[in-house]
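Remarks on the overall topology
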Protein chains: 2
Amino acid sequence: MKKQFNPSTLYLATPTVLVTVASGGRDNIITLAWVGTVNSEPPMIAIGVRPSRHSHGLLEKGGEFVVNIPGSGMVRELDLCGSKSGRDLDKFEQCGFKRIPASKVGAPLIDRCPLNIECVVRNKLSLGSHDLFIGEILAVQADEAVLDDKGRVDMAKVGPVAFSGGEYWGLGAKLPRK
Amino acid sequence: MKKQFNPSTLYLATPTVLVTVASGGRDNIITLAWVGTVNSEPPMIAIGVRPSRHSHGLLEKGGEFVVNIPGSGMVRELDLCGSKSGRDLDKFEQCGFKRIPASKVGAPLIDRCPLNIECVVRNKLSLGSHDLFIGEILAVQADEAVLDDKGRVDMAKVGPVAFSGGEYWGLGAKLPRK
């Protein structure tokens, strides 16, 4: 038996990430969950940002962003960077993060995030509450601590965070193919 | 220390879902991981589909789709619906799925998926290898077996599947906010 529910964003488990942006000597961090891979060749990530957010202006002006993937121990930082405004405070300082220069874009990497995906905006689409920025991935940086013995990124060591039903969730077990 | 990697879609953990489409009396199922929430008001989901896929044509003609969220025990069905073509076989039959009529769209719900999100296409964007279809959520259906004692969907009971690093993963533990 199926039960019907109203249309809602609650039911898809999406990645929860810390996106960094920069323009004109200012930068910021924003927590986003309206994030997904959208294209393979070239590799592209789309992020949805409300136009009222401070990061929206920096993103429009700078035209670049970094998707910093937090580990599952960073819930406090996710809440802070999602609820406070960069107009009022420096979220790097509040979270005790250090900026690492990116290799291909102007926005900084967050040192404590084990994976950092550098993107340049290729397209923008206004959808209603959010603007969708579609970024091409230019480079990926990973902490050596999350690499396996062959030097590849081990997602189990990264421990990314999902958002669903208004809650944060960790990554579970790898599901073997039969 | 950070190590640099080539641009790649490997590093974001995205939802893995079974999307159903229909047009002109034909329907199909396709496994997709280039899927994400992109807007809150109205609630919208974007899905990336290669133009060469059989489902791409049905989606363009039908203009509607259902995001069927599989449980973590459905890896075989995810592999089958991602690798076979609906031009050659009936994936419902191959998987032992039954069609349930949707409430608002022409594409069917998959009975064995505990959550079904009915969408109408509002926008389409060609990005390179994939076309991005942006759908507004019109209705959500859930199995009674995945509801909590207050009648809300319990994502831990749904047990959705993520795709990252070329592997399937389950949903982990809920991460408490401090």
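For the structure, check the block above.
To keep things clear, this report deals only with the structure shown in the data block.

About the criteria used
- Residues numbered from 1 in each chain as written.
- Chains lettered and ligands numbered in written order.
- Predicted model: local features only at pLDDT ≥ 70, side-chain atom pairs only at ≥ 80, totals over all residues.
- Heavy atoms only, no water.
- Helix = DSSP H or I, 4+ residues; strand = E, 2+ residues; numbered from the N terminus.
- Rg over C-alpha atoms; globule rule 2.2 N^0.38 Å.
- Buried < 20%, exposed > 50% of the residue type's maximum accessible area, 1.4 Å probe, protein only.
- Contact = heavy atoms within 4.5 Å.
- Areas by Shrake-Rupley, 256 points an atom, 1.4 Å probe, with all protein chains shown as cover.
- Lys, Arg positive; Asp, Glu negative; His and termini not counted.
- Charge placed at Lys NZ, Arg CZ, Asp CG, Glu CD.
- Phe/Tyr/Trp six-rings, centres within 6.5 Å; stacked < 30°, edge-to-face > 60°.
- Lys NZ or Arg CZ within 6 Å of the ring centre and 35° of its normal.
- Least-squares fit on C-alpha atoms with pLDDT ≥ 70 in both.
- Buried area = accessible area lost by both parts, 1.4 Å probe.
- Salt bridge = Lys/Arg side-chain N within 4 Å of Asp/Glu carboxyl O.
- Pairing = 2+ DSSP bridges.

Digging into the overall build of chain A
In terms of helices and strands, chain A carries 4 helices and 12 strands. For chain A, whose C-alpha radius of gyration is 16 Å, the value lies close to the compact-globule estimate of 16 Å for 178 residues. Principal-axis analysis of the C-alpha atoms places the extent of chain A at approximately 55 × 45 × 35 Å. For chain A, the residues scored as buried account for 60% of the 178 residues in total. A fraction of 60% describes how many contacts in chain A between residues 6 or more apart in sequence connect residues 24 or more apart. Summed over all atoms, the accessible surface of chain A reaches about 7000 Å², with 47% contributed by carbon and sulfur. Taken as two groups, the 22 positive and 19 negative side-chain charges of chain A have centres that lie 6 Å from each other.

Description of the environment of A:Ile110
Structurally, A:Ile110 is set in strand β8 (residues 109-110). Residue A:Ile110 is classed as buried on the basis of its relative accessible area of 0%. Taking the C-alpha atoms as reference points, A:Ile110 and A:Leu12, separated by 98 residues in sequence, lie 26 Å from one another. The contact partners of A:Ile110, leaving out residues within four places of it in the chain, are A:Leu18, A:Thr20, A:Ile29, A:Asn68, A:Phe92, A:Phe97, A:Lys98, A:Asn116 and B:Lys2.

Points about unusual backbone geometry
Here the bond from A:Glu41 into A:Pro42 is cis, since omega is 0°, no more than 30 degrees from zero. Of note, A:Pro42 is situated in the loop between β4 (35-39) and β5 (44-49).

Some thoughts on the packing of aromatic side chains
Residue and element names in this part refer to chain A. All told, the structure shown has 6 aromatic pairs over all chains when counted by the stated rule. What links up through ring pairs into an aromatic cluster is the set Trp34, Phe163 and Tyr168. The residue whose ring lies beneath arginine 99 is phenylalanine 92, and the NZ or CZ to ring-centre distance is 4.0 Å.

Some remarks on the relation of the copies chain B and chain A
Least-squares fitting of chain B to chain A yields an RMSD of 0.0 Å, with the transformation described by 0.0 Å of translation along the axis and a rotation of 180°. A rotation of that kind, with that shift, is consistent with a two-fold axis. It is B:Gly172 whose C-alpha, among those of chain B, lies nearest the rotation axis, at 1.8 Å. Of the interface residues in chain B, 100% have counterparts in chain A that sit at the interface too, so the contact is made through matching surfaces.

Quick look at helix α2 (residues 75-83) of chain A
Those residues of α2(A) lying buried are A:Val75, A:Glu77, A:Leu78, A:Leu80 and A:Cys81. Where α2(A) is buried, its residues contact β2 (14-23), β3 (26-32), α3 (91-95), β11 (161-164) and β12 (167-174) of chain A together with β12 (167-175) of chain B.

Regarding the interface of chain B and chain A
Every contact between the two is made by 82 residues of chain B and, on the other side, 82 residues of chain A. Between chain B and chain A lies a buried interface of about 7000 Å² when both sides are counted; carbon and sulfur atoms form 63% of it. At the junction of chain B and chain A, the tally comes to 6 salt bridges. Linking A:Asp143 and B:Lys2 is a salt bridge whose minimum nitrogen-to-oxygen distance equals 2.7 Å.

Side note on the pairing of strand β2 (residues 14-23) of chain B
Residues and elements named next belong to chain B. Counted residue by residue, β2 has 10 buried out of 10 residues, so it is predominantly covered. When β2 meets strand β11 (residues 161-164), the two strands line up antiparallel, connected through 3 bridges. Paired with threonine 14 across the two strands is phenylalanine 163, which belongs to β11. Note that β2 and strand β3 (residues 26-32) share 7 bridges and pair antiparallel. Within β3, the position partnered with threonine 20 by the bridge is isoleucine 29.

Digging into the pattern of salt bridges
In total, this model carries 22 salt bridges over all chains according to the counting rule given. Between A:Asp79 and B:Arg177 there is a salt bridge, and its shortest N-O distance comes to 3.6 Å. Placement of A:Asp79 in helix α2 and of B:Arg177 in the segment after β12 is noted, with the two residues assigned to different chains. For B:Arg177, a relative accessible area of 41% translates into the label partly exposed. The salt bridge involving A:Lys124 is made with A:Asp131; its shortest N-O contact spans 3.6 Å. Taking the relative accessible area as the measure of exposure, A:Lys124 reaches 37% and is therefore partly exposed.

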